[in-house]
Structures are given as structure tokens and as C-alpha cells.
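# Coordinate analysis (summary)
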Amino acid sequence: MNDDAKGFTVLGVALLLPLILVAVWASAAGRRYAAASAAESDPSKQAAIAAVSDDAYCTPALKAIIRRVAGACGLLEGGGGRGCQPMQAQKVAALSGPDFNAMFRPLSKRAHILQFDPMKTDLDDDARKMVEKAWSDQRGASFFFVVSRASPDGAADYNEGLSRDRAKSVLEHLQAKFKDDDLKNQVGLLWLGEEYAQLSEEFCTWSRSRSGACTPTDINRSAFVAWIDCAI
Amino acid sequence: MSNRSLLAVTAAAALLGCIFAAVSTSDFMQHLDRQVHAIHCSFIPGAGKELGESGCKAVMMSPYSSYLRESVWGGVPVSLWALATFAFLFARAATLLWRSAESPPSRAETRFLFVATLLPVVMSVIYGFLSVTQVGQTCKVCVGIYVSSAAVCVAALLAHRSNESVDEPTPLSRYLPWFAQGVAFVVVLSLTYLIAAPKADPKKALSGCGALVSAEDPANVMLTLGSGEEPAIEVLDPLCPSCKAFDARLAASAFKRRLALKAVLFPLDPTCNWMVTEALHPGACAMSEALLCAAGLGATHDDDAALDVLRWAFKQQDKLRELAAKDEPAMRAKIEAQFPKVKGCLGSAQVKSKLTKSLRWAVSNAIPVLTPQLFVGNARLCDEDTDLGLEYTLAKMLSPKGKAARAAVKAPAPPRPAIVPVAPPPVAKPKPAALPFPTEPPAEEPAAPSDEAAQ
């Protein structure tokens, strides 16, 4: 082999080797790209989609209650705007009082009970702080439920009005504090007066705005507030 | 050392450069499948393959790692040209080395070899400078190339100096074929690359992967990151390493100036984000609150202040995540110490509520739970195009053809409304009395005199 032939041989080999490598790498990448593109439609390989929460406690019965309250409060699209209409509790729930309360037991870590003075509807400082904290902890929840009650002392009609005003007091405070347009779409009020689903003493152990003694009478002069983590 | 020995050293140094350049090219090219891969990062060629962040990855993903990025997906890697150059230098040195003893290399040949070795040296100096000043990190494989460049140059110089052939005057035309051979190496390898590399999907390049339901910001949660003309939204987590890297790539790209870029905070931290179950980026919720606090919770935003916080968060990411994983209150105290303006706001009900609204913007647009994401107008840049393909895809999406394609993308239907109506439960009708008797209406009950206050 003469020197020129040697030179061309070396040049050829030096060019051919990287050329083959580049072609092989490109071809391998192309095959993997095609396979990955084909797998794109596989749902197991796709990232989750952002969505509201839907926790395990969201039973059909609970969802149905929330939808009815939302409807009564004009929260639904085309529902005629904000403003809860009085509803008979049984029309909302079609459940016994204890069964109604039992549905909220899974919310023990999420709910707060704002307590009121007898015959009063205004929130004290601790109740205000508590409801602000509760509202800011929305996370993936879609519906802020305010269920107000009155203790069974006195006339039922009066106590129904009292519990209604307590619920409205909670809403008004949130509106004043947060000036949040979503309030009109997300807060549902349900006032139960004294007639239905009175809270038992076990709820005294839940997060309350007042510490100290707690009797069944105390715990029912209240508004139960909680974000509901249900896709309803 | 004899001239042949020095030529052998030159060839060996060129071969070493070839190996380093081949490793770098291979790492670059495996990413042409648009997936995430481990890359080599070691002074030993082929060793130190790692998946996480490294200087080698930062350099490879930077806009300096390839050319023609706007017209070819990923561009043509500069390491491919290094491979071509070293292969040519090896061929030249090996040719001279293989010569028969009767026709030793001429002075012109060794001179050309030495001058040719200056090209990788000059490129190494330029790229070393860019690596340190622009990327802020160095790459071990690149350092291997720099060292090989220096070695091949020194060896070629010594080989030329030790060449005892008579120095005859050489016309310039003598050098042209050799120069053409070098150019041919670069051209042939580049053409092979351009022909064989997988092509981008033209539809995805123009109109992206998916669209927003609405780019509106009714809750005023977006922060302004850029003031160009083309509306764009970046979904980011201030403690996400990929977001930091993406931000650096976008900042280095000429396209950032064209984007009226807004940011939506989407911390991947279960402290505030119910959509993630693991703390991928501990402290990201607190850091996002700090950004919102710095911007202000009112109708107008102090975007410069928010940007300062974001830059700091990106810079301190590792330390902040580590601290938050151990002691989040301490991390919050650190933020307050650095930015006293956020005191009183950080951790407040108002800012938590605002951060929730930022997360719910993602819900209302049904976007994937990941960061970073970029929306140009309403169209979502495909995940596979957020690194090497960024310039290519932005060039396409922002072109007149891309604008038309994006405008033609139909916005998806909004997610199911949060609350759907349901009928009240049926109320049982009372059975009619079997024998109706006329009855007097009951007397109206007296008004209730007492209430719960009676006690």
C-alpha cells in the first residue's frame, strides 16, 4: 500500500466510524421517540390532572344534601343569585337527625364549631379568627358549609330565626374580611333551629371557638363550619 | 522524543478528544427521543452516568450546547463538530505516522496539523468562558475535551518543531485539499445528523399539547415575569429544580423578550396542594406565600419585589427545601429575615386563601399536576419541548403560522361545575282520610314568648 492509499484509508476509517455512531444513535433515538409517542395515549403514563378534592367520606347522601343546600342558596348556575331560602331540614336531608350528624363525623379534623352567647348572633373575636382560619384552609374543597343551630330552650320559631341570623353572621364576616367573589358561589347556609339534628356532647371535643365547659346546650348555640372535600 | 513519537502522542490525544466528544454527542443525541436520561459526567470517558442535576446536564441543556436550535429540534450539537474535528486530527496525525520511512512528513504537513489543532483550542477557550460566565457550571466531559484540545495542540506543535525535513516554500493551494478534508468531516457528520435525527411533529410544534380553558385571571393571582407582546403563562413552583433550570433556559433564549410572561404558582407540596400526596418540594407552599406577599394581596402587584423573592428562592432552592423538610417554621423565619416586607402576611389567612386560588386556577383549567408548564397564548408547550426543543418550538409557535395554528385550537370544555343541582327528596303525600268529617280550622297558636335566653 502506498502512502496515498494509506492516507485515504485512515481518513475513510476516521470518518466512517463517527458517521456510523451518529447514524446508530439517531436511529435509536428515533425508535424510542416513536414508541414514546405511541404510548402517549396510555392514561397510566400521563400526569394527573388538577382537580378538586373528592374524599372517601363524600357519600351520595352527603353530596345530595350539599346540592340541595346549594340550590336553596342560589349557588347553582342560573339559581338566581345569593340568598338562602328557608328550607325544612327534612326536605334537605330526608334523614333522621342523628343520621344527618353522623355524616359529618369524618370531618372532625376539618370542621370548626363557632359558639355564640345565648340569644346572640354576633361572632366574638375567637369565633372570627376561627372562621377566617377555616375559610383560608379551603385546599381542594368546593363548598363551605355553614350549619347553624340554636339550643332547644325557647320557642321553635324564634330559634329558627336565631340560627338563621347566626349563619348569616358567619357569611357577612367572611364577606367583610375577604371581599372574595367566590363566597357567593361556595358558601352554603343551612339553619336548623332547635328542631333537627341537635349536636350531642361528643362534638364538644371538636375544634371549638370557646374552651372550657361544654354542655349540649352550649354546643348547639353554634355554627358548624367546614369545607367539604367532595366533588359535588 | 522523536518526531514519530510526538505524532503518536498527537494521534492519541486526538483519539482521547474523539472519545470525550463522542460521549457528549451520544448523551445529547439520546435526548432526541424527548425523554429524560442519565448523562455521563466524569473525567473518565464513559464513566459517571447520573440522572440528576449536574454541571454536564446544565451545560447540555443550555442554549450554547448546539447551533441552529430555531430550525432543528435541539439544534446540531457542538460536540458533534468537536467529534468531527478530533476525528480529522486523528486521521491527519495517523496518516503522517503511518508514512513509510522513505517519505517522512513534510514541514508543511506538520505545520498544517499544528494550525488545525488551534481550532479546538480556540473553541475550548470560548466554551470554557461561556460555561463559567453564562451557564455558571462546568461540565467534566467538556473539561476532558478542553484538556484533549490542549494536549493535541502541544503535541502537534512539538511534532512540527521536531520535524527535521527541509522547510520548502509551500503554496497556499497545497493546504486547500487538507483543509477541504477537515471541512468534509464536519459537513458529512452534520448532514448525517440532520438526515437521521428524529423530526419534530409539525402539529405539536405549532400548536402545542393541549390548551387552557381560559387564560383569564379573575382572582388576580398571576405575577408578571416579562413584558413582551405575546401573552404567555408559566406554571411554576419556586422550589422546583426543573422550574429553575427552565427559567434559566428561557432567560437565555431570545424568545423570552417577546413574551408577556405571567406566572401562576403551583407548589408541589401537600401542605397546601391537595393534588400531591408527597412533599416533592418541601417548603414550596411557604415560598409561594412569600411571593404572593411580596407582590401584595391587593389589586395592584409589586412584581419587581416578587421577582426578587423568586430569584432568591431559585438561588437557595436546595438549602430551603432541606430546611423546610426539617423545620418549616425555621424556613419561614428565614424568608422573613431576608424579606421583612412579608412579615405579618406570610402564613396569614388572606395569603393562604390567595394561594388556594392560584391552585384552583389550575383546577379550572384542568392542567396536568406538574411543573414547569408554559402556555403560549392558550396553547400548552409540550413537556418534551421544554428543554432541548425550547427554541425550536417557541420559534414555531410564535411564527405567523404558529399563531394561526394556535388560534385554531379549540379551548377544552370547562371542568364539571363544582356543584350540580339535585332534586329534593320526595315527600310522602298523606293518605286521605277514609271518612272525611268537616272540621273547624285550628285556632292560631299564640306567638312564642320565650327563647333560649329564658334560662
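All figures in this text were calculated on a predicted structure; none of them were measured in a lab. (Residues numbered from 1 in each chain as written. Chains lettered and ligands numbered in written order. Predicted model: local features only at pLDDT ≥ 70, side-chain atom pairs only at ≥ 80, totals over all residues.)

## Describing the overall build of chain B
This is how it is decided: Numbering goes from the N terminus for both helices and strands, where a helix is a DSSP run of H or I of at least four residues and a strand is a run of E of at least two. Atoms considered for the radius of gyration are the C-alpha atoms alone. The globule rule reads 2.2 Å times the number of residues to the power 0.38. Every C-beta atom is placed from the backbone, and the number of other C-beta atoms within 10 Å of a residue's own sets its class: buried at 20 or more, exposed at 12 or fewer, partly exposed in between.
Across its full length, chain B carries 15 helices and nine strands. The globule rule puts the C-alpha radius of gyration for 455 residues at 23 Å, and the 33 Å found for chain B is more than 25% above it. Looking at the 455 residues of chain B, the share that counts as buried comes to 45%.

## Observations regarding the overall build of chain A
Looking only at helices and strands, chain A has eight helices and four strands in total. Mapped from its N terminus to its C terminus, chain A presents α and β elements in the order α-α-α-α-β-α-β-α-α-β-α-β. By the compact-globule yardstick of 17 Å for 232 residues, chain A is too spread out, its C-alpha radius of gyration being 31 Å. Once the C-alpha set of chain A is aligned to its principal axes, its extents read approximately 120 × 35 × 30 Å. Each of the 232 residues in chain A was classed as buried or not, and the buried ones make up 44%.

## Remarks on the domain arrangement of chain B
Residue and element names in this part refer to chain B. We count it as follows: All domain edges in this entry derive from an automatic or database-based domain assignment. In this description, a residue-residue contact is defined by the distance between C-beta atoms placed from the backbone, which must lie within 7 Å.
Domain boundaries in chain B define domain 1 (3-196) and domain 2 (205-408). Of note, the centres of domain 1 and domain 2, computed from C-alpha atoms alone, are 40 Å apart. Listed per partner, the contact involves eleven residues of domain 1 and twelve residues of domain 2.

## Examining the sheet that holds strand β1 (residues 112-115) of chain A
Note on sheets: strands pair through backbone hydrogen bonds, and any given pair is parallel or antiparallel. Residues and elements named next belong to chain A. For clarity, the threshold we go by: At least two bridges found by DSSP between two strands are what make those strands a pair. The axes used here are C-alpha line fits, helices contributing only the stretch in contact, and every angle between their N-to-C directions lies in the interval 0 to 180 degrees.
Strand order in the open sheet formed by four strands is β1-β4-β2-β3, and the pairing between neighbours is mixed. Since the sheet does not close on itself, it has two edges, and those belong to β1 and β3 (187-191), each with one partner. Recorded for the sheet is a direction-independent mean angle of 20° between the axes of neighbouring strands. Packing of helix α6 (residues 156-178) onto the sheet brings it into contact with β1, β2 (143-148), β3 and β4 (222-228), and relative to β3 it is tilted by some 160°.

## Regarding the interface of chain A and chain B
Many authors give the size of an interface as the accessible area that is lost as the parts come together. How we decide: Amino acid classes used here: Ala, Val, Leu, Ile, Met, Phe, Trp, Tyr, Cys and Pro are nonpolar; Asp, Glu, Lys and Arg are charged; the rest, including Gly, are polar.
Facing the 63 residues of chain A at the interface are 59 residues of chain B. Within the residue set of the side of chain A that touches chain B, elements represented by two or more residues are α1 (3-39), α2 (60-72), α5 (125-136) and α6 of chain A. Looking at the side of chain A that touches chain B residue by residue, the class counts come to 36 nonpolar, twelve polar and 15 charged.

## So, the nonpolar core
Residues and elements named next belong to chain B. Stated formally: What we call a nonpolar core is a set of buried Ala, Val, Leu, Ile, Met, Phe, Trp, Tyr and Cys residues whose membership is set by joining through C-beta atoms within 7 Å.
In terms of nonpolar packing, the biggest core is built from 69 residues, with V264, M287, A290, L291, A294, A362 and V376 touching the most fellow members. The leading source of residues in this core is helix α9 (residues 284-295), at ten residues. Not counting the four nearest positions on each side in its chain, L291 is found in contact with L223, P238, L265, A306, V309 and L310. The next biggest cluster of nonpolar side chains, apart from the first, holds 64 residues, and it includes L16, F88, V152 and A159.

## Observations regarding the confidence of the model for chain B
All names here are of chain B. Quick note on the threshold: How sure the predictor is of each residue is captured by pLDDT, a score from 0 to 100.
Model confidence for chain B is summarised by a mean pLDDT of 88, while 91% of its residues fall at 70 or above. In this model, residues 420-451 is a region of pLDDT below 50 whose contacts with residues beyond four sequence positions or in other chains number 24 contacts. Across the assembled chains, the prediction reports ipTM 0.81 with pTM 0.80.

## A closer look at unusual backbone geometry
For the bond from B:T371 to B:P372, the omega torsion is -5°, close enough to zero to count as cis. If you trace the backbone, B:P372 turns up in the loop between α13 (349-364) and β8 (373-376). One non-glycine residue, A:K179, lies in the positive phi region at around 45°. Relative to the helices and strands, A:K179 resides in the loop between α6 and α7 (183-186). The exposure class of A:K179 is exposed, given the 9 C-beta atoms found within 10 Å. We note that B:R34 has phi near 65°; this positive angle belongs to a residue other than glycine.

## Points about the environment of B:S165
Following the sequence through the fold, B:S165 ends up in the loop between α5 (140-161) and α6 (172-196). Aside from chain neighbours lying at most four places away, what touches B:S165 is B:P104, B:P105, B:S106 and B:R107.

## A word on α6(A)
Residues and elements named next belong to chain A. Rules: Multiplying one less than the number of residues by 1.5 Å gives the expected span of a helix.
Its 23 residues place the ends of α6 33 Å apart at the C-alpha level, agreeing with the 33 Å of an ideal helix rising 1.5 Å per residue. Here α6 has its buried residues at Y158, N159, L162, S163, R164, R166, A167, S169, V170, L171 and L174. Elements that come into contact with the buried residues of α6 comprise β1, α5, β2, α7, β3 and β4. K179 sits one or two residues past α6 and shows a positive phi near 45°.

## A short note on the packing of helix α3 (residues 78-98) of chain B against helix α4 (residues 107-135) of chain B
All names here are of chain B. Put simply, the rule is: Convention used here: angles under 35 degrees read as roughly parallel, angles over 145 as roughly antiparallel, angles from 65 to 115 as roughly perpendicular, and any remaining angle as oblique. We call a crossing left-handed when the near helix sits turned anticlockwise from the far one by less than a right angle, and right-handed when that turn is clockwise.
Across the interface, α3 lies against α4 with an axial gap of 10 Å and an inter-helix angle of 160°. The pairing of α3 with α4 is recorded here as roughly antiparallel in orientation. Here the hand of the crossing between α3 and α4 comes out left-handed. Where α3 approaches α4, its residues A82, T85, F86, L89, R92, A93 and L96 are matched on the opposing element by E109, L113, A116, T117, L119 and P120.

## Points about the sheet that holds strand β6 (residues 230-236) of chain B
Residue and element names in this part refer to chain B. Strand order across the open sheet formed by five strands is β5-β7-β6-β8-β9, with mixed pairing between neighbours. Of all strands in the sheet, those bounded by a partner on one side alone are β5 (223-224) and β9 (379-380). Relative to strand β7 (residues 259-265), β6 is paired through seven bridges, and the arrangement is parallel. The partner of A232 across the bridge, within β7, is L261. Relative to β7, α13 is tilted by about 115°, and along the sheet it contacts β6 and β7.

## Examining helix α14 (residues 390-397) of chain B
All names here are of chain B. Counting buried positions along α14 gives seven out of eight residues, so the element sits mostly inside the fold. Restricting attention to buried positions, one finds in α14 the residues L390, E391, Y392, T393, L394, K396 and M397. Of the surrounding elements, those touching the buried residues of α14 are α7 (202-207), α8 (241-252), β8, β9 and α15 (400-408).

## Observations regarding the pairing of β1(A)
Residues and elements named next belong to chain A. Burial of β1 is two-sided: the residues H112 and L114 facing one way and the residues I113 and Q115 facing the other way are all buried. Note: β1 against β4, four bridges, orientation antiparallel. The partner of H112 across the bridge, within β4, is V225.

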